[in-house]
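Chain by chain, the residues:
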Amino acid sequence: MPHPETWLKSTPSGLFCEPGGFHVDPLRAVERAVITHGHSDHARPGHRSVLATRETLAIMRTRMGEAAAGANQQSLGFGEVLRIGEVDVWLQPAGHVLGSAQVAMEWRGSRIVVSGDYKRARDPTTPGFVPIACDVFVTEATFALPVFRHPKAEAEIGRLLDSVALFPERTHVVGCYSLGKCQRLIMLLREAGWDRPIYLHGAHQALCQTYEELGVKLGALRPATVAGKADLAGAIVLAPPSAIADRWARRLAEPVVCAASGWMRVRQRAKQGGVELPLVISDHADWDELNATLDEVAAPEVWVTHGAEEALIHAAGLRGIRGRALRLLGYGDEDAEA
Amino acid sequence: MIAFAALLERLVFTPGRNTKRALLRRYFATQPDPDRGFGLAAVTGELTFKSAKPALIRELAAARTDPDLFALSYDFVGDLAETVALMWPSMATNRAPPDMAEVIETLNAADKAELPGIVAGWLDASDPSVRFALLKLITGGLRVGVSARLAKVALAEMSGGRVTADDVEEVWHGLAPPYASLFAWLEDRAPRPDPADAPVFRPPMLAHPLEHADFAALDPAALRAEWKWDGIRVQLVATGGGQRLYSRGSEDISGGFPEIIRAMDFHAVLDGELLVVRDGQVAPFADLQQRLNRKSVGAKLMQQHPVAVRLYDILFDGAEDLRTLPFDARRARLEAWYARQRPARMDLSDMIRFETLEDLAALRDGARAASIEGLMLKRGDAPYLPGRPRGLWWKWKRDPLSIDAVLMYAQRGHGKRSSFYSDYTFGLWRSGADGRDELVPIGKAYSGFTDEELTLLDRWIRNNTVARFGPVREVEKAFVLEVAFDAAQRSPRHKSGVALRFPRIARLRQDKPAAEADRLETLMRVVEGQAAPRTCRGAGRTDSPS
Ligand SMILES: [Zn+2]
Ligand SMILES: [Zn+2]
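Scope of this entry: the structure provided in the associated data block.

About the cut-offs
- Residues numbered from 1 in each chain as written.
- Chains lettered and ligands numbered in written order.
- Predicted model: local features only at pLDDT ≥ 70, side-chain atom pairs only at ≥ 80, totals over all residues.
- Heavy atoms only, no water.
- Helix = DSSP H or I, 4+ residues; strand = E, 2+ residues; numbered from the N terminus.
- Buried < 20%, exposed > 50% of the residue type's maximum accessible area, 1.4 Å probe, protein only.
- Contact = heavy atoms within 4.5 Å.
- Polar contact = N/O pair within 3.5 Å; in protein donor to acceptor, adjacent residues only side chain to side chain.
- Arc of directions from axis to C-beta.
- Donors = N, O, S within 2.8 Å, 3.2 Å for Na, K, Ca; no water.
- Phe/Tyr/Trp six-rings, centres within 6.5 Å; stacked < 30°, edge-to-face > 60°.
- Lys NZ or Arg CZ within 6 Å of the ring centre and 35° of its normal.

**Topic: unusual backbone geometry**
Reasoning step 1: Following B:Asp33, the chain continues to B:Pro34 via a peptide bond in cis, the omega torsion being -5 degrees.
Reasoning step 2: Among the secondary structure elements, B:Pro34 is positioned in the loop between α2 (17-30) and α3 (35-43).
Reasoning step 3: A cis amide bond, omega 5 degrees, links B:Pro177 with the succeeding residue B:Pro178.
Reasoning step 4: Mapped onto the fold, B:Pro178 is located in the loop between α11 (165-172) and α12 (180-186).
Reasoning step 5: Of note, the phi angle at A:Ala298 is positive, near 50 degrees, even though the residue is not glycine.
Reasoning step 6: Judged by relative accessible area, A:Ala298 falls into the exposed class, the value being 55%.
Reasoning step 7: Despite not being glycine, B:Arg342 shows a phi value in the positive range, around 45 degrees.

What follows is the structure in structure tokens.
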């Protein structure tokens, strides 16, 4: 059985599968790309052929336009095996955002899984992570420190609604990333019984529309830009993290500035951003999830793409798992996505 | 502790006073006794534990966590208690998190050797937010960002308006955690707690700034005038139950001024100004500042910065409440009391003789000593009323000084102003080491401007940023601000060697080139008292927050 290092190589363009002739989440435009999910650090424009889930392709078209999303776009359903060159390729849910997939590759009996970004917590907008036994597991490490143990997202939504009830005359503006976090928050709010219209910053509208078209029903959404101050009193507004404490937020009624991100776990981070109500809601695996996943996939070797690799490799080493830091520059650029 | 931890999570991130008040009110109204009482004590800083130290947190971390992972985590988080609260590996337990009463009673009774085991058990039973509150509480590192006054306002609101914050102040210092009798009173289940002989604080009577509109309506014959000294207002309370020195904000500052406490061998409640006095001369405020915010004080500091109290009112003579008497009658009682007692380290505030308002205006303008802020005007027929009643007492400050400075840095404000650059650092010119002129920062201002001026400054700052350091923007050195201030004092801690008291923006001087802004030497002459105060153009728009 060939060692995985001999056929999946870390190059300046990202991970390259030699016997298949394709890159996974390439960092620059390439001939043939397999894309795990639509976040801009993983799905970049300008590849000639793109293979991804139907949902990820739709998201890419919304974000970068039809042309930049790949001259040839091919969709692959979860569990369908496709032979590319000499390699069998299939996708399984990663539980990160709608359409997010792990890429499983098998060549001459050797199996590698590139998980992209993933989480293990429940998310009503996307199917849950499916562990795949493998020889090498390629993982992210965004929150790979034992201080990151995300609380239940439902409980954090409870804190938001509690604050809305206590300050009904104020606008709660929640800073959140436009792909994934925004729609997850909306669905969690709906599950918690919030059936009033939810107001959106302009930057969030297009992807919510795409989610709707892909069958994720988000309920009544309104543009925050045209709403009057009076309408926004007592309302929940979702906006990009960059907008919540800036000029844009002046239209709101005495805003309570909230932010939904795994980084909110650390007080200093929340304080720096001027956040009054930090909500610890993340689309990335926390410390316990990362370690549990390593144990479940039972790979003797783990490659870490980006994040706090030192701690994760140390913890894996204590359990006899060999760790390797790929240090792929270019992933995790968007802090706000966490 | 769950509710207290949740309250703490909100309070530490909330800039708004009204928001804090609403959060506190709900906490007090929904939590049971005695937990809410201990929560109140924690918020107002009345809880201290001798046995638990930060070293305990390190010890616990070492016992339960991998040293490499702990080091990486601590490095990332930057706060010891927070790191341990977040990464604590809980052992399975059926126990509920401890409540406030359990924590306090256990810690007060526990032996030092038992502590690590007890605290570890609590941490196991808690979530990160409770663990954080617990660790900060027991090691004395709790920073809530709530004044004791604000907590009392929230308590008063809880009573539905029956009890005011001043009423709460009156009984506060006679009570102790967990304040069961206070809550019972607020909820109308019991009568007002009787402070009996306890040396409690009495809400003070405060003055309004004198506005132009008030001036015409003043009747000089009904008015009494005194100097307004630049110290801190204090209340001296001496009863059979003890002696206390309180700040205007009801903070017990007795520990910092033992020589005053020792001089209080009488039975009375007095109102006065705490000052540093050397050979009968009142020293500038900066001298007094050396003595403030200390829990205790050494002999050397007491000798170098000797304090005294200039008395101006008497609230109680023995057990007799004098507050309903008019000012003139109280003044007579104060003089008689003083003649009888002759307390050390105290003298009487002079009554200033005058005939007309013009006399007063001349006196006010003639006051040059840095230790005098202006005049106090009081109606001779006014009783002593808590709060800030209209039309009875006025403070008439000297015109502020002003200087033309150049805007150097700006930072975003808090709360409503969080989207605006509203904190300004400004500087004056001086000769640099290379002989060329350079700007040296001399202070920061957050107030004094109108909404329109704020919008203008915000836009200008965004368009003229030359560098960014985190939340701070450095701007083009091109915008002149007229800065008003009450006094300027030497300060070795500042790069410029000078500190301004109550600086605020008086005017935007976009008409003025930056090169024509003032020089540091000009300001230093004010400090030395060589220059007469320059009357601020357009002053009086804002009053300092004294
Ligand atoms: Zn992602
Ligand atoms: Zn990513």
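**A few points about helix α6 (residues 80-87) of chain B**
Reasoning step 1: In terms of burial, α6(B) is largely enclosed, as 8 of its 8 residues are buried.
Reasoning step 2: What α6(B) keeps buried is the set B:Leu80, B:Ala81, B:Glu82, B:Thr83, B:Val84, B:Ala85, B:Leu86 and B:Met87.
Reasoning step 3: Where α6(B) is buried, its residues contact α6 (267-272) of chain A together with α4 (54-64), α5 (67-77) and α9 (128-138) of chain B.
Reasoning step 4: Its side-chain oxygen 3.2 Å from the backbone nitrogen of B:Ala81, B:Asp79 forms the N-cap of α6(B).

**Some points on helix α7 (residues 100-109) of chain B**
Residues and elements named next belong to chain B.
Reasoning step 1: All of the buried residues in α7 are Met 100, Ala 101, Val 103, Ile 104 and Leu 107. With its buried residues spanning 165 degrees around the axis, α7 presents them on a single face. Turned more than 90 degrees away from the buried face of α7 sit Glu 105 and Ala 109, all of them exposed.
Reasoning step 2: On its buried side, α7 packs onto α1 (2-13), α3, α8 (115-124) and α9.

**Things to note about the coordination of the zinc ion (ligand 2)**
Residue and element names in this part refer to chain A.
Reasoning step 1: Note on the zinc ion (ligand 2): its protein donors are Asp 41 (OD), His 42 (NE2) and Asp 117 (OD). The metal-donor distances range over 2.2 to 2.7 Å.
Reasoning step 2: Site description for the zinc ion (ligand 2): donor spacing in sequence, D-H-x74-D.
Reasoning step 3: If you look at the zinc ion (ligand 2) and the zinc ion (ligand 1), they sit 3.6 Å from each other and are both ligated by Asp 117.
Reasoning step 4: By relative accessible area, His 42 is classed as buried at 2%.

**Comments concerning the environment of A:His42**
Reasoning step 1: In this fold, A:His42 is placed in the loop between β4 (32-34) and β5 (49-52).
Reasoning step 2: Look past the residues within four positions of A:His42 in its chain and what remains in contact with it is A:Asp25, A:Pro26, A:Ile35, A:Thr36, A:His37, A:Asp117, A:His306 and A:Tyr331.

**Let's talk about the environment of B:Arg493**
Residue and element names in this part refer to chain B.
Reasoning step 1: Here Arg 493 lies in the loop between β18 (487-490) and β19 (498-501).
Reasoning step 2: For Arg 493, a relative accessible area of 75% corresponds to the exposed category.
Reasoning step 3: With 210 residues separating them in the primary sequence, Arg 493 and Ala 283 have C-alpha atoms 19 Å apart.

**Some remarks on the packing of aromatic side chains**
Reasoning step 1: Counting across every chain of the model gives 19 aromatic pairs over all chains.
Reasoning step 2: Ring geometry for B:Phe215 versus B:Trp396: centroids 5.3 Å apart, planes at 55 degrees, classification tilted. Residue B:Phe215 is located in helix α13 (residues 212-217), and its partner B:Trp396 is located in strand β11 (residues 393-397); the two are separated by 181 residues in the primary sequence.
Reasoning step 3: B:Phe215 gets classed as partly exposed once you look at its relative accessible area, which sits at 26%.
Reasoning step 4: A centroid spacing of 5.0 Å and a plane angle of 75 degrees characterise the contact between B:Trp460 and B:Phe479, whose relative ring orientation is edge-to-face. Of this pair, B:Trp460 sits in helix α19 (residues 451-463) while B:Phe479 sits in the loop between β16 (472-475) and β17 (480-485), and the two are 19 residues apart along the sequence. Across this residue pair, the class does not change: B:Trp460 and B:Phe479 are buried.
Reasoning step 5: Within the aromatic cluster, the residues linked to one another by ring pairs are A:Phe143, A:Phe148, A:Trp263 and B:Phe76.
Reasoning step 6: Across from the ring centre of B:Phe285, 3.6 Å away, lies the NZ or CZ of B:Arg501, which sits over that ring.

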